[in-house]
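Commentary on secondary and tertiary structure
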Amino acid sequence: MKKHLVLLGPPGAGKDTQGRMLSKELGIPLISSGDLVRKEINERTDFGLRFKELTESGSLVPDEFMNDFFAHVLSSYDLRKGYILNGFPRTVNQAEFLDEYLKEKDAEVELVLFLDVDFDTLVKRLSGRRVCKSCGAVYNIYFSPPKVDSICDVCGGELVQREDDKVEAVKKRIEVYLESTKPLLDFYKKRGILKSCDASKSPESVNRYLLEATNDCD
Ligand SMILES: [Zn+2]
């Protein structure tokens, strides 16, 4: 059974959902960069303040800083027992750093799972999101619409679309991800540890596929 895993996939591919399911089933921790970064920002740590500065100025987070951050985060895990990395690495530089780091810990990446979803479906998943202004319930006008247009089933509040979820913003986000991740996919493909999964299917069938992939002995 493979237990040293990296999860890759564009926004809207279901990385968080799949990561949570796998983590529970395999009994290994899900280490999500998004959650970790938010935690640092909330707790106003040195890392958090720097992250905040970088996001507010709209700059990219430099690889070196990201690598330092992950060395700090990963040091609190017993990595040999297993892990699912979600949201890291994002670049080849980060992947190379990770290789070195994990080699030292005798916990090298065994399997990289890429959640592949076609562009139009991703756009619908993200731009279809509507959130209730009053209670925060989340809908999707394509996949899980409210009973009455623009009205919350739960509380009758008004449903709104966040700025981040507007079609143009969503398209841009997906394009940037796919473009910047291509070299990373090639990097893992060359190593023979990349496995792509059709993640446009239901969460349950994607989960079954991923579980089988971790069982694969070759
Ligand atoms: Zn509501």
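Attention here is on the structure that accompanies the text. As the structure is a prediction and not an experimental result, all values here were calculated from the model.

1. Quick word on the overall build of the protein chain
From N to C terminus, the protein chain includes 8 helices and 8 strands. In terms of overall dimensions, the protein chain has a C-alpha envelope of 55 × 40 × 30 Å along the principal axes. Look at the contacts in the protein chain between residues 6 or more apart in sequence, and 68% of them connect residues 24 or more apart. On the protein chain, roughly 12,400 Å² of surface is accessible, and the fraction owed to carbon and sulfur atoms is 50%. Computing the positive centroid from 33 side-chain charges and the negative centroid from 37, the protein chain places the two 4 Å apart.

2. Some thoughts on the coordination of the zinc ion
The protein atoms that coordinate the zinc ion are Cys132 (SG), Cys135 (SG), Cys152 (SG) and Cys155 (SG), at distances of 2.3 to 2.4 Å. Because the angles between the 4 donor atoms bound to the zinc ion fall within 101 to 114 degrees, the donor set is best described as tetrahedral. Along the chain, the residues that donate to the zinc ion are spaced as C-x2-C-x16-C-x2-C.

3. Re the pairing of strand E4 (residues 111-116)
The buried fraction of E4 amounts to 5 of the 6 residues, a majority that puts the element mostly inside the structure. Pairing geometry for strand E1 (residues 4-8) and E4, over 4 bridges, is parallel. By the bridge assignment for E4, Leu7 is matched with Leu113.

4. A word on helix H3 (residues 46-56)
Of all the residues in H3, the buried ones are Phe47, Gly48, Phe51 and Leu54. One side of H3 holds all its buried residues, which, seen down the axis, span an arc of 130 degrees. For H3, exposure combined with an orientation more than 90 degrees from the buried face picks out Asp46 and Glu56. Contact partners of the buried residues in H3: helix H2 (33-42) and helix H4 (63-74). Gly58 occupies a position one or two residues after H3 and carries a positive phi of about 75 degrees.

5. Side note on the packing of H2 against H4
Helix-helix packing: each pair is described by the crossing angle between the helix axes and the interaxial distance. At a closest axis distance of 12 Å, the pairing of H2 and H4 adopts a crossing angle of 90 degrees. Taken together, H2 and H4 sit at an angle that is classed as roughly perpendicular. For the pair formed by H2 and H4, the contact residues are Ser33, Leu36, Val37 and Glu40 on the first element and Phe69, Phe70, His72 and Val73 on the second.

6. Considering the layout of surface pockets
There is about 190 Å³ of room inside the second largest pocket. Surrounding the second largest pocket, 15 residues form its lining, Phe114, Asp116, Leu178, Lys182 and Leu185 being those nearest its centre. Among the elements that make up the lining of the second largest pocket, the one with the highest residue count is helix H7 (residues 167-190) (6 residues). Considering only residue class, the lining of the second largest pocket consists of 8 nonpolar, 2 polar and 5 charged.

7. Structural notes on the environment of Ser23
Within the secondary structure layout, Ser23 lies in helix H1 (residues 15-26). By relative accessible area, Ser23 is classed as buried at 18%. Separated by 59 residues in the primary sequence, Ser23 and Gly82 have C-alpha atoms spaced 9.5 Å apart. Not counting the four nearest positions on each side in its chain, Ser23 is found in contact with Ile28, Pro29, Leu30 and Ile84. There is a polar contact of 2.8 Å between the side chain of Ser23 and the backbone oxygen of Ile28.

Basis of the calculations
Residues numbered from 1 in each chain as written. Predicted model: local features only at pLDDT ≥ 70, side-chain atom pairs only at ≥ 80, totals over all residues. Heavy atoms only, no water. Helix = DSSP H or I, 4+ residues; strand = E, 2+ residues; numbered from the N terminus. Contact = heavy atoms within 4.5 Å. Areas by Shrake-Rupley, 256 points an atom, 1.4 Å probe, with all protein chains shown as cover. Lys, Arg positive; Asp, Glu negative; His and termini not counted. Charge placed at Lys NZ, Arg CZ, Asp CG, Glu CD. Donors = N, O, S within 2.8 Å, 3.2 Å for Na, K, Ca; no water. Tetrahedral: all angles 85-135°; square planar, octahedral: opposite > 155°, others 65-115°. Buried < 20%, exposed > 50% of the residue type's maximum accessible area, 1.4 Å probe, protein only. Pairing = 2+ DSSP bridges. Arc of directions from axis to C-beta. Axes fitted to C-alpha atoms, helices over the stretch in contact; angles between N-to-C directions. Parallel < 35°, antiparallel > 145°, perpendicular 65-115°, else oblique. 1 Å grid on protein atoms, 1.4 Å probe; cavity = no way out; pocket = protein on both sides within 12 Å on 5 of 7 lines; lining within 4 Å. Points joined across faces, edges and corners; volume = space filled by probe spheres on them. Nonpolar A, V, L, I, M, F, W, Y, C, P; charged D, E, K, R; others polar. Polar contact = N/O pair within 3.5 Å; in protein donor to acceptor, adjacent residues only side chain to side chain.

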